[in-house]
Amino acid sequence: MRFCDFFIECKTRLKEIPKYIPWVKLPLYRKIGIVALFICFAVVILLFIIQKDTMALLALALSVIFLSIFLCFDSAPKRQSQMIENFYKPYSKKRIEMVIKLLNVYNIEQSNASHIDSLITCAKNAQSEMNPFSPMKKTLKLLWIVIFPILAYVMKKVADKTPVESLVVVSLQLIAIIICTFAIFYALFPLLRNLFYSDYDKYEDLIYDLNQVKIFQKSNATFNPVKK
């Protein structure tokens with residue numbers, strides 16, 4: 001047996017555990033809040049489409065206010081306790097029970113910390129080796145090493161022939177473009193990673209669950225916290 005067999009079986013079993021709360025089991029206030037927010041933002045989009053900008057901005061402001069109130073209401077200790085008892089704890093229990101059963105199938109003692117640590121190491125190594133973005137990082141580093149001296153030389157020549165005022169304006173514009181580009185890339189990268197390397201998060205989940213088994217099962221704890 002190999003780690004890849006363990007990982008594939010773990011993914012298969014994990015699919016049998018619902019990750020999200022079914023709509024029918026959601027608390028009533030969450031159903032009302034979700035439907036109301038959907039309607040609010042649909043109205044905002046419609047108003048923008050028909051070019052009622054003032055009304056659209058007003059509706060957007062009201063939607064944001066409603067969202068803030070809903071989040072405050074949802075984060076109240078009483079409602080959070082209900083969610084923990086009704087959904088988070090049962091989900092955590094199913095996840096940990098699944099991992100423990102899988103460890104038993106592969107004859108790994110759940111109390112054997114060294115074996116679990118070896119599994120965690122294997123998961124981290126496999127996560128890195130299977131990452132399709134790793135070669136891209138090396139290529140970008142090489143390109144930067146080549147491009148940076150050329151870019152610095154060009155910028156020096158431009159600076160020598162450009163007035164200080166214009167140079168400041170161009171520099172600020174360039175900085176703004178770089179910041180915007182970085183922000184967009186930072187926001188989109190998780191989506192691209194999930195699209196081209198969906199197993200990345202599954203490796204993270206496995207590593208997390210193995211650590212939970214090692215920490216909580218060793219002390220015979222009945223509750224295993226859910227990763228946020």
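Anything mentioned here points back to the structure above.
Calculation rules
- Residues numbered from 1 in each chain as written.
- Predicted model: local features only at pLDDT ≥ 70, side-chain atom pairs only at ≥ 80, totals over all residues.
- Heavy atoms only, no water.
- Helix = DSSP H or I, 4+ residues; strand = E, 2+ residues; numbered from the N terminus.
- Buried < 20%, exposed > 50% of the residue type's maximum accessible area, 1.4 Å probe, protein only.
- Contact = heavy atoms within 4.5 Å.
- Areas by Shrake-Rupley, 256 points an atom, 1.4 Å probe, with all protein chains shown as cover.
- Core = buried A, V, L, I, M, F, W, Y, C linked by side-chain atoms within 4.5 Å.
- Patch = residues over 30% accessible without salt bridge, like charges linked within 9 Å, V, L, I, M, F, W, Y side chains within 5 Å.
- Salt bridge = Lys/Arg side-chain N within 4 Å of Asp/Glu carboxyl O.
- Axes fitted to C-alpha atoms, helices over the stretch in contact; angles between N-to-C directions.
- Parallel < 35°, antiparallel > 145°, perpendicular 65-115°, else oblique.
- Left-handed = near helix turned anticlockwise from the far one by under 90°.
- Nonpolar A, V, L, I, M, F, W, Y, C, P; charged D, E, K, R; others polar.

Draft legend 1. Quick look at the overall build of the protein chain. For the protein chain, the count of helices and strands is eight helices and zero strands. Counting across all 228 residues of the protein chain, residues that qualify as buried make up 24%. Across the protein chain, every contact between residues at least 6 apart in sequence was considered, and the portion connecting residues at least 24 apart equals 71%. Summed over its atoms, the accessible surface of the protein chain is roughly 16,500 Å², and 69% of this surface lies on carbon and sulfur atoms.

Draft legend 2. Just the environment of E204, in detail. Within the element layout of this structure, E204 appears in helix α8 (residues 199-217). Looking at E204, the relative accessible area reads 32%, which means it is partly exposed. Spatially, the C-alpha atoms of E204 and K124 are 8.3 Å apart, while their sequence positions differ by 80 residues.

Draft legend 3. Layout of the nonpolar core. If you look at the biggest cluster of nonpolar residues, it comprises 27 residues, and the most contacted ones within it are F3, F6, L103, L206 and L210. Of all elements in the fold, only α1 (3-14), α4 (77-105), α5 (113-129) and α8 reach the threshold of two or more residues within this core. Aside from chain neighbours lying at most four places away, what touches L103 is F6, I108, Q110, L119, L210 and V213.

Draft legend 4. Looking closely at a nonpolar patch on the surface. Side chains of W23, V24, I34, V35, F38, I39 and V43 sit close together on the surface and give an oily, nonpolar patch of about 700 Å² of accessible area. Here V24 is to be found in the loop between α1 and α2 (28-49). Taking the relative accessible area as the measure of exposure, V24 reaches 66% and is therefore exposed.

Draft legend 5. Up close: the packing of α2 against helix α3 (residues 53-74). At a minimum axis separation of 8 Å, α2 and α3 run at an interaxial angle of 165 degrees. One element, α2, and the other, α3, form an angle in the roughly antiparallel class. Here the hand of the crossing between α2 and α3 comes out left-handed. Taking contact as the criterion, the partners of Y29, R30, G33, A36, L37, C40, F41, V44, L47 and F48 in α2 are, on α3, D53, M55, A56, L57, A59, L60, S63, F66, L67, F70, F73 and D74. Residues belonging to the contact of α2 with α3 are distributed by class as follows: 17 nonpolar, two polar and three charged.

Draft legend 6. Highlighting the environment of L62. Looking at the secondary structure, you find L62 in helix α3. You can call L62 exposed: its relative accessible area is 52%.

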